[in-house]
Amino acid sequence: MKYDYRSIEKKWQEKWEDAGIFHASDDTTKKKFYALVEFPYPSGAGMHVGHVKAYSGLEVISRKRRMQGYNVLFPLGFDAFGLPTENYAIKTGIHPRKVTDMNIAKFTSQMKRVGFSFDWTRTVDTTDENYYKWTQWIFLKMFENGLVFRDKTLVNYCPSCKVVLSNEDSQGGKCDICHSDIVQKSKDVWYLRITEYADKLLEGLEKVDYLPNVKLQQVNWIGKSRGAFVDFSVKGADEKLTIYTTRPDTLFGVTFMVMAPEHPMLDKYKDKITNFDKVEEYRDICAKKTEFERTNLVKDKTGVKIEGLAGINPVSGKEIPIYISDYVMMGYGTGAIMAVPAHDERDYDFAKKFGIDIIEVIKGGNIEEGAYTGDGEMVNSEFLNGYDNKKDSIDRMIEFLTEKGVGKAGVQYKMKDWAFNRQRYWGEPIPIVHCPKCGMVPLPYEELPLRLPKIDNFEPGEGGESPLAKIDEFVNCKCPHCGGDAKRETDTMPQWAGSSWYFLRYIDPTNTDTFADPDKLKYWLPVDWYNGGMEHVTRHLIYSRFWHRFLYDIGAVPTEEPYAKRTAQGLILGPDGEKMSKSKGNVVDPNDVVDEYGADVLRVYILFMGDYGAAAPWSENGVKGCKRFLERVAALTDMIAPGSETPEVNSLLHKTIKKVTSDIEEMKFNTAIAAMMTLVNKIYEKGSITKDELTAFVKILCPFAPHLCEEMWATLGGKGFASLAEWPAYDEAKTVDSEIEIAVQICGKLKATVKIPAGADAPSAIAAAKACDKVAEALAGKSIVKEIYVPGRIVNIVAK
RNA sequence: GCGGGUGUGGCGGAAUUGGCAGACGCGCAAGAUUUAGGAUCUUGUGUUCAUUCGUGCAGGUUCAAGUCCUGUCACCCGCACCA
């Protein structure tokens, strides 16, 4: 058979679609497999090779599971709300709805050309009102359960996109969308109380099978720390200043305190602060600092001493100065710290600069030279002297503080509450009404969806307000509670809202009564295997686990965790080894590859490039190599010779089936393909293959190169579709050779190889080794010290 | 600074988890075929004439180390004044 991919691929794609062979059924009597890939944002650029790699892994696994008799749910939808579409609309005047529909249509047809076995009847679009109705519904449920709040605080703001960003969306001080520098701005914004779920998100990780580094990144992002809250009396104020510390045992070493410049106590006691003008001056300087200055001038501490207020050390009773400095953040702990310069580098730098006392309380370092952050015995600490700070000093101090009522054990998280809004048009409207009498009133559930109004001008307001604010018909409404005049919330939800629950909607995408039928949820959940990019680990993956866990807590979903297993694919780099980007001009368009080489070649090459989880550069020659392989495969139909079975080919076939079967499950696609290449080489070497052998080979290649395999299947007279054929079993007996070749070493150096029967015992294997000329030669005149035989592998003779 | 990862031919990468390093593919070379180019097929291809030497570098454990241990260098990723 000649490999004519152009005629083959379209034909089989149509046949698959007509027969609907990739549709998941809700037949709960069958064993299920729910495979999930991160749904794409339908950008105007269309499909990228990165998409193909991201989907190809579970594509192969899903196809294999289907052949193994599983009821497979492998869907794809579109995460279509977001700024790029809106910005495009601003530029061109084309409505985001229209742009989105066009892009989805383009993506879908491109994806179908690759032959992915997605169940297209279950596709979802987050911008569809029948979808975002339920996004809004979940938001209202969260509101009802006290997980939504509004707060005026300093927020991450992108001046270029003119939106407020969550902590997750502004990592490294850069906007996740446009990479501009983030500024801190005081704004009234919506928050989701994700911190309330910090412990549940942490504990949930213990029950799931995620890549270790995925787990670790989430653990670090949540950033749980144990320590204590300690109350310091403040001379000049009638309230205590509470600090958080992970090292309460160093309290006797505290020589000053530091508040964040934004600490509320400052304004409260500004009459008592005799140098408040200096405080305000310092605040201005801090506000103007860029992220770069803040992070790169770490050693150079700045600050202002607060005159008129002083702290009292609760264990020693000593009076200590209070400073403000921007090395203390309002967003972590209590926004104030106790400073122990002898044992904290930052406090040390500050104390040195401001001439503050340094008291050693842990033995082991030299405080003349720098802070000692290691372990040791407590000193200068009254009742704590002699305790070991690694073992029991912290517990002892917490016990003491608790007894005296000036402190208690506590935990803190680095993760912050989720700033949950964007001041833009193309997002889910937040279903809340602001009533002058009743305050924030949620829309009744039966009024969902709250539809986005049709507008023409998508420009955000200069003051950073949503374009929706300009639409009077949308804004002005009646309060659902009292019926009086009220105004609608005009912010929309952030990009991550729709993607936080989409995997639930695939299960029942057209349900109008609920987001998904409970029985169907019970059958399909959890997602058995979720694959996606590492870049989503501290964003989408943590958000969606939070939403899912909340839904579990209110009884809406049957599992605590949404995803049983999580893996990640590596990047495809440009041919130059650099990350693909338009500006570098090293982008490979998968559509061109399909045109020139065919979809099967694209699929096989992407999985053959290297370790699925690692980054690998694109190579046009590598693509050609895969094309050559598939051409050689196609030609196998001409090499069928009845009764020509050779033990070599037959044995290797069984070995290959075994290896491909297990390699696919471990996502070791590159070695699975290599094994099949080896088999094909062997068949060519022997010159013939039987029809049954070829049929089995076609089945194991089918998940990788389904179009070619369907064609060969038909040529071989197979019934129905190769894609639905039964996955071949292998005969274990045929995967072991009767005669094996083992290596013979003398003193660990390889001298020869000998063939011995597979079941040979140690004495006979060693005897066979010694019988070999080269070995006998090497052993001549020496006395044997030790003989080792590792069954099936090696004989090592130690001789002097 | 902290956390994680990776270093193997000319290149992408294998190595049953301590047991013949370099599977498979690319590239390259020679030959065959072809009017020619391209394509295809065959053979070879870490290094050395060879005994040798070879998995970033230096040690160590072991009969045996790419794999384990100690130290070190380089690069990549994540977080970052988190108290």
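Here the structure is a predicted model, which is why all the values come from computation and not from measurement.

(A) Structural detail: the overall build of chain A. Scanning chain A for helices and strands turns up 26 helices and 26 strands. Counting only C-alpha atoms and orienting by the principal axes, one finds that chain A spans roughly 100 × 85 × 50 Å. Looking at the 800 residues of chain A, the share that counts as buried comes to 55%. Counted over contacts in chain A with a minimum sequence separation of 6, partners at least 24 positions apart contribute 72%. Of the accessible surface of chain A, which amounts to about 34,400 Å², a share of 50% is contributed by carbon and sulfur atoms. Chain A carries 104 positive and 114 negative side-chain charges, and their two centres are separated by 2 Å.

(B) Quick peek at the sheet that holds strand 26 (residues 794–799). Strand order in the open sheet formed by four strands is 24-23-26-25, and the pairing between neighbours is mixed. The sheet is open, and its two edges are formed by strand 24 (749–757) and strand 25 (784–790), each paired on a single side. Geometrically, the sheet is characterised by an average inter-axis angle of 20° between neighbouring strands, direction not taken into account. In this sheet, strand 24 lies alongside strand 23 (residues 739–746) in antiparallel orientation, the contact comprising eight bridges. Its bridge partner lying in strand 24, Ile742 is registered against Val754.

(C) Up close: the protein's contact with RNA strand B. As a structural note, the neighbourhood of RNA strand B is formed by 50 residues, with Gln171, Arg346, Lys414, Arg628 and Asn796 the closest of them. Here RNA strand B approaches the protein such that, of its atoms within 4 Å, sugar and phosphate make up 62%. At 2.9 Å, a side-chain N or O of Arg793 approaches a base oxygen of RNA strand B. With six residues, the top contributor of residues to the surface near RNA strand B is helix 21 (residues 669–686). Split by residue class, the surface near RNA strand B holds 21 nonpolar, 16 polar and 13 charged.

(D) Here's a closer look at the packing of aromatic side chains. The tally for this structure, following the rule as stated, stands at 49 aromatic pairs. Measuring from ring centre to ring centre gives 6.3 Å for Tyr244 and Tyr332, while their planes differ by 80°; the resulting arrangement is edge-to-face. Here Tyr332 lies in the loop between strand 11 (319–324) and strand 12 (336–339) and Tyr244 lies in strand 8 (residues 241–245), a separation of 88 residues in the sequence. Exposure remark for Tyr244: the relative accessible area of 7% places this residue in the buried category. The exposure class of Tyr332 is partly exposed, given its relative accessible area of 31%. For the pair Phe252 and Phe383, a centre-to-centre distance of 5.8 Å together with 75° between the ring planes defines the contact as edge-to-face. Remark: Phe383 occurs in the loop between helix 11 (345–354) and helix 12 (393–404) and Phe252 occurs in the loop between strand 8 and strand 9 (256–259); sequence separation between them is 131 residues. When its relative accessible area of 7% is taken as the criterion, Phe252 is described as buried. Looking at Phe383, the relative accessible area reads 25%, which means it is partly exposed. Cluster of aromatic residues (ring-pair linked, three or more members): Phe139, Trp190, Tyr197, Trp418, Phe420, Trp496, Tyr543, Phe546 and Trp547. Stacked on the ring of Trp16, the Lys or Arg Arg63 has its end atom at 4.8 Å from the ring centre.

(E) Representation of the packing of helix 3 (residues 83–92) against helix 4 (residues 96–114) within the structure. It is at 9 Å that the axes of helix 3 and helix 4 come closest, and there the two elements cross at 120°. Between helix 3 and helix 4, the interaxial angle falls into the category oblique. Regarding helix 3 and helix 4, the two cross each other, and that crossing is right-handed. Between helix 3, through Thr85, Tyr88 and Ala89, and helix 4, the contact on the second element is made entirely by Pro96, Val99 and Thr100.

(F) Focus on helix 11. Every buried residue of helix 11 is accounted for by Asp347, Tyr348, Asp349, Phe350 and Ala351. Buried residues along helix 11 sit against strand 9, strand 11 and strand 12. At the exit of helix 11 stands Gly355, carrying a positive phi of roughly 65°.

(G) Fine view of the side chain of Thr656. Of note, Thr656 is situated in helix 20 (residues 647–665). Overall, Thr656 belongs to the buried group, its relative accessible area being 3%. Among the polar contacts listed, one links the side chain of Thr656 to the backbone oxygen of Leu652, at a separation of 2.6 Å.

(H) Geometry of the confidence of the model for chain A. Per-residue confidence for chain A averages 92 on the pLDDT scale, and 99% of its residues sit at or above 70. Across the interface, the model reports ipTM at 0.95; the global pTM reads 0.94.

(I) Expanded view of a negative patch on the surface. Taken together, the side chains of Asp277, Glu280, Glu281 and Asp284 define an acidic patch exposed on the protein surface. With respect to the helices, strands and loops of the structure, Asp277 is situated in helix 9 (residues 276–288).

(J) Spotlight on the packing of helix 17 (residues 590–597) against helix 18 (residues 599–608). Following both chains from N to C, one finds helix 17 and helix 18 inclined at 120°, their axes separated by 7 Å at the closest point. The angle between helix 17 and helix 18 falls in the class oblique. Listed contacts from helix 18 to Pro590, Val593, Val594 and Tyr597 of helix 17 are Ala599, Val601 and Leu602. A per-class count over the contact of helix 17 with helix 18 returns seven nonpolar, no polar and no charged.

(K) A look at unusual backbone geometry. Of note, the amide linkage connecting Leu448 to Pro449 takes the cis form, showing an omega dihedral of 0°. As for its position among the elements, Pro449 is in the loop between strand 16 (439–442) and helix 13 (472–475). Following Leu525, the chain continues into Pro526 via a peptide bond in cis, with omega recorded as -5°. Turning to its location among the elements, Pro526 is positioned in the loop between helix 15 (518–524) and strand 19 (529–532). A positive phi angle is found at His179, which is not glycine, with a value near 65°. Positive phi values are uncommon outside glycine, yet Asn380 reaches one of about 50°. Here Asn380 is to be found in the loop between helix 11 and helix 12.

(L) Quick look at helix 1 (residues 5–19). For helix 1, with 15 residues, the first-to-last C-alpha span of 21 Å sits near the 21 Å given by 1.5 Å per residue. Within the sequence span of helix 1, burial applies to Tyr5, Ile8, Glu9, Trp12, Gln13 and Trp16. Looking straight down helix 1, one finds its buried side chains confined to an arc of 120°; they lie on one side. Residues Arg6, Lys10 and Asp18 are exposed on helix 1 and point more than 90 degrees away from its buried face. Elements that come into contact with the buried residues of helix 1 comprise helix 2 (49–67), helix 4, helix 17, helix 18, helix 19 (620–634) and helix 23 (706–715). Phi turns positive one or two residues past the end of helix 1, at Gly20, with a value near 60°.

(M) Summary view of the environment of Tyr210. Positionally, Tyr210 belongs in strand 6 (residues 209–210). Separated by 265 residues in sequence, Tyr210 and Val475 have C-alpha atoms that sit 44 Å apart. Excluding its chain neighbours within four sequence positions, the residues that come into contact with Tyr210 are Leu205, Lys215, Leu541, Arg545, Glu561, Tyr563, Lys565 and Arg566.

About the thresholds
Residues numbered from 1 in each chain as written. Chains lettered and ligands numbered in written order. Predicted model: local features only at pLDDT ≥ 70, side-chain atom pairs only at ≥ 80, totals over all residues. Heavy atoms only, no water. Helix = DSSP H or I, 4+ residues; strand = E, 2+ residues; numbered from the N terminus. Buried < 20%, exposed > 50% of the residue type's maximum accessible area, 1.4 Å probe, protein only. Contact = heavy atoms within 4.5 Å. Areas by Shrake-Rupley, 256 points an atom, 1.4 Å probe, with all protein chains shown as cover. Lys, Arg positive; Asp, Glu negative; His and termini not counted. Charge placed at Lys NZ, Arg CZ, Asp CG, Glu CD. Pairing = 2+ DSSP bridges. Axes fitted to C-alpha atoms, helices over the stretch in contact; angles between N-to-C directions. Near = heavy atom within 4 Å. Polar contact = N/O pair within 3.5 Å; in protein donor to acceptor, adjacent residues only side chain to side chain. Nonpolar A, V, L, I, M, F, W, Y, C, P; charged D, E, K, R; others polar. Phe/Tyr/Trp six-rings, centres within 6.5 Å; stacked < 30°, edge-to-face > 60°. Lys NZ or Arg CZ within 6 Å of the ring centre and 35° of its normal. Parallel < 35°, antiparallel > 145°, perpendicular 65-115°, else oblique. Left-handed = near helix turned anticlockwise from the far one by under 90°. pLDDT = per-residue confidence, 0-100. Patch = residues over 30% accessible without salt bridge, like charges linked within 9 Å, V, L, I, M, F, W, Y side chains within 5 Å. Salt bridge = Lys/Arg side-chain N within 4 Å of Asp/Glu carboxyl O. Expected span 1.5 Å × (residues − 1). Arc of directions from axis to C-beta.

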